[in-house]
Amino acid sequence: MSVAGARAAGVEDREVLDLFGGDDQYVSTSRIPRPTSRIAENVTVITADQIAALNAHTLAEVLQTVPGFQLEQVRTPGSWSDVSLQGASSAHLQLLIDGVPQLDLLQNQVDPGSIGVQHIERVEIIKGAASTAWGQALGGVINVITKSPNTERQASGTLFSSIGERFTSDLHGDFTGTVQRFGYYLSAGNLHSDGLLHNTAVDKNSVYAKFNYQLPGQGLLTFGTDFYEVSRGSNETVNTHDAARSDRGYSFLNLFMPFGNQLRLDIDLRESRKNDQTWWGDYFGGVVFPYRHFKLNESTRGGGVKLTLGDQVANLVLGGEYEHDETHQWEVLVDDPSFYTNKSWDRWGVYSNGSLTLGPLTILPGIRFDQTGLSGDALSYSAGATLGLTEKTVLRGYFARGYSLPNAIWNNGPQRVITYQGGLETGEIPNLWLKGTYFYNNIWNVEVGNFDPTNPTVNLRSQVKQGFEVEAHTVPVYNFALSSGYTYIDARDRDTGLRLYDVPEHGVKLGLTYQNHPLGLTGILTGNYVRWFADPGNGARDHSTIFDLSLTQKLSPETEQSPELFFSVHNLFNDSQYLKDRWQNTGRWLEGGARFKF
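Residues numbered from 1 in each chain as written. Predicted model: local features only at pLDDT ≥ 70, side-chain atom pairs only at ≥ 80, totals over all residues. Heavy atoms only, no water.

S.K.: A description of the sheet that holds strand β7 (residues 100-101) should follow, citing residues and the corresponding values.
M.R.: Strand order in the open sheet formed by five strands is β3-β8-β9-β6-β7, and the pairing between neighbours is mixed. Strands with a single pairing partner mark the edges of an open sheet, and in this sheet they are β3 (42-47) and β7. (Pairing = 2+ DSSP bridges. Helix = DSSP H or I, 4+ residues; strand = E, 2+ residues; numbered from the N terminus.)

Okay, structure coming up:
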């Protein structure tokens, strides 16, 4: 499944849509709601309904269906996986949930495999540098908006249960409603598996809560909190056995207050905390001998203020953010200073983004200054434009300078990028939607690490990553709809001109959807093809397409609250697709389950 559309309207954003009007879908790539026809960046939106059709368990599974994304490891649901977006590594992406950054402070890594999807309303993705709005976002942004309280009922909910091979199960429930001015959304679940491959067992417990209160004058006060704990095997070969445990959570408080028709104020406070443990072990004769035990404790606290002015024709957002960060890593079994860190710092940023529409032309400038507290200053700026050639065709252009923070141990200063994008989106061909984008990313001060456990080192390199992406969707014909996306990436070291290893060179996403409302039957077949420019020593297996099939049946199609049964086949043709032979993908496996609404 390929879905196209960026941070779309969350609870508070929906309240401000009246400032801008219009019938177009609104997204907020620059922290301000705009119609998709006036967004210069290459963006994608995934909705809760699309996630439900996939019967996915984690954010990693959802991202794997989006053109430009590629997981390096596809193993047991909930497992760790490195992810890239148009060649940008995990450390160059920004992942936000409810506006709270989810990167670890030490290495700035994202972990989509640990994030459940049952409580997600939308996932909005910006491909390419987005630092003028979001700070450290050299390669793109994954912005997750969680579900809000049901405003139409005092009490409602959903129960979700699935069971598959190797006792792979997902149990989840939510309860939501609104009583007068007070709204609530509560969610809890457990994801478990004995491991579809050796040492990939997963056990995760999670809880989430969101409350809001409608203030006089259409203001809204929202509080949310999330916590999960997960234990999982991370790697096993003939003589290695690694594992990890994480306890993570975050909370936020947001005040939204409109003043008239063209002015809005947002104030938010947020905090997060992480306690991770990682074990590296030798494996001989069925016995594990741990030789490394890392502990990592991190915390953040901060907030921001945002002022939005204007209307659909001309608008401006002004904002500032502050955050205090602490990270502490140490090694329990071995006294090794190369992996030790104990740092705290304060960082702040100020930004401004806006748009001006002159007939079919929309101009979108942005600028941001960050004092990182860890690696000096970072100035980011962007300029974009959209031109409506016809009612169904939009031409886009985008230029930006952005950054990402370095590894906190090495601390070699911000990694920086200049990005150029140009594209065309059209619905002129009957029953067909087409989108094409060219991208060019000039990146420097990139930390290329050698994570040798006895002598870790780092080199600073300059890189160029360029290519193009093409997407196509059809309207349903006899209840069937097709979607596809192709991404080509040419990634090279700028100084030597040599191609960069382990970057996806070719990627294809395929989707075939069947939806028959009278029968209550929905089916989706997705395909993922990748060809990496792989290091020959890693034993990569690609040139194959992994297909997944999911079928969902409503038992009472005419009833909105009907129970649903689903059945999924993963890796339908039992193919191999992995970047490194020590992290092989799962073979064919089956699961089924049910969803109840009340």
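From this point, things continue past the structure.
S.K.: With reference to specific residues and values, describe the environment of Arg270.
M.R.: Mapped onto the secondary structure, Arg270 falls in strand β16 (residues 263-284). It is 5.8 Å that separates the C-alpha atoms of Arg270 and Arg301, two residues lying 31 residues apart in sequence. Among the polar contacts made by the side chain of Arg270, one reaches the side chain of Asp268 at a distance of 2.9 Å. (Polar contact = N/O pair within 3.5 Å; in protein donor to acceptor, adjacent residues only side chain to side chain.)

S.K.: A description of the pattern of salt bridges should follow, citing residues and the corresponding values.
M.R.: Pairing between side chains of opposite charge can happen when their charged atoms approach one another. Inspection of the entire model under this criterion finds 24 salt bridges. A salt bridge links Arg461 to Asp493; the shortest N-O distance between them is 2.9 Å. Linking Arg461 in strand β25 (residues 457-474) with Asp493 in strand β26 (residues 480-493), this pair joins segments that are 32 residues apart in sequence. Relative accessible area serves as the criterion here: at 27%, Arg461 is assigned to the partly exposed category. Here Glu564 ties to Arg595 by a salt bridge, and the two come within 2.7 Å at their closest N and O atoms. Taken together, the positions of Glu564 in strand β30 (residues 564-570) and Arg595 in strand β31 (residues 589-597) put the pair 31 residues apart, joining distant regions of the chain. We classify Glu564 as buried; its relative accessible area is 8%. Each of Asp268, Arg270, Glu321, Glu323, Asp325, Arg347, Arg368 and Asp370 takes part in a single network of salt bridges with overlapping partners. (Salt bridge = Lys/Arg side-chain N within 4 Å of Asp/Glu carboxyl O. Buried < 20%, exposed > 50% of the residue type's maximum accessible area, 1.4 Å probe, protein only.)

S.K.: So what about unusual backbone geometry? Which residues, and what values?
M.R.: Of note in this structure, Gln86 is not a glycine but carries a positive phi near 50°. Along the chain, the position of Gln86 falls in the loop between β5 (83-85) and β6 (93-97).

S.K.: Which residues make up the packing of aromatic side chains, and what values go with them?
M.R.: For the structure shown, the criterion picks out 19 aromatic pairs. Ring plane angle 10° and centroid distance 5.4 Å describe the contact between Phe160 and Phe566, whose orientation is recorded as stacked. Of the two residues, Phe160 sits in strand β10 (residues 156-164) while Phe566 sits in strand β30, which places them 406 residues apart along the sequence. Its relative accessible area of 5% is what places Phe566 among the buried residues. Each ring, one from Tyr420 and one from Tyr440, has its centre 6.2 Å from the other, and the planes form 50°; the classification is tilted. With Tyr420 in strand β23 (residues 415-426) and Tyr440 in strand β24 (residues 432-450), the pair connects residues that are 20 residues apart, well separated along the chain. A relative accessible area of 42% places Tyr420 in the partly exposed class. The rings of Phe175, Phe182, Tyr184, Phe211 and Phe598 are connected pair by pair, giving a single aromatic cluster. Lying over the aromatic face of Tyr228, Lys204 brings its terminal NZ or CZ to 4.8 Å of the ring centre. The positively charged end of Arg499 is found above the aromatic ring belonging to Phe533, 5.8 Å away from the centroid. (Phe/Tyr/Trp six-rings, centres within 6.5 Å; stacked < 30°, edge-to-face > 60°. Lys NZ or Arg CZ within 6 Å of the ring centre and 35° of its normal.)

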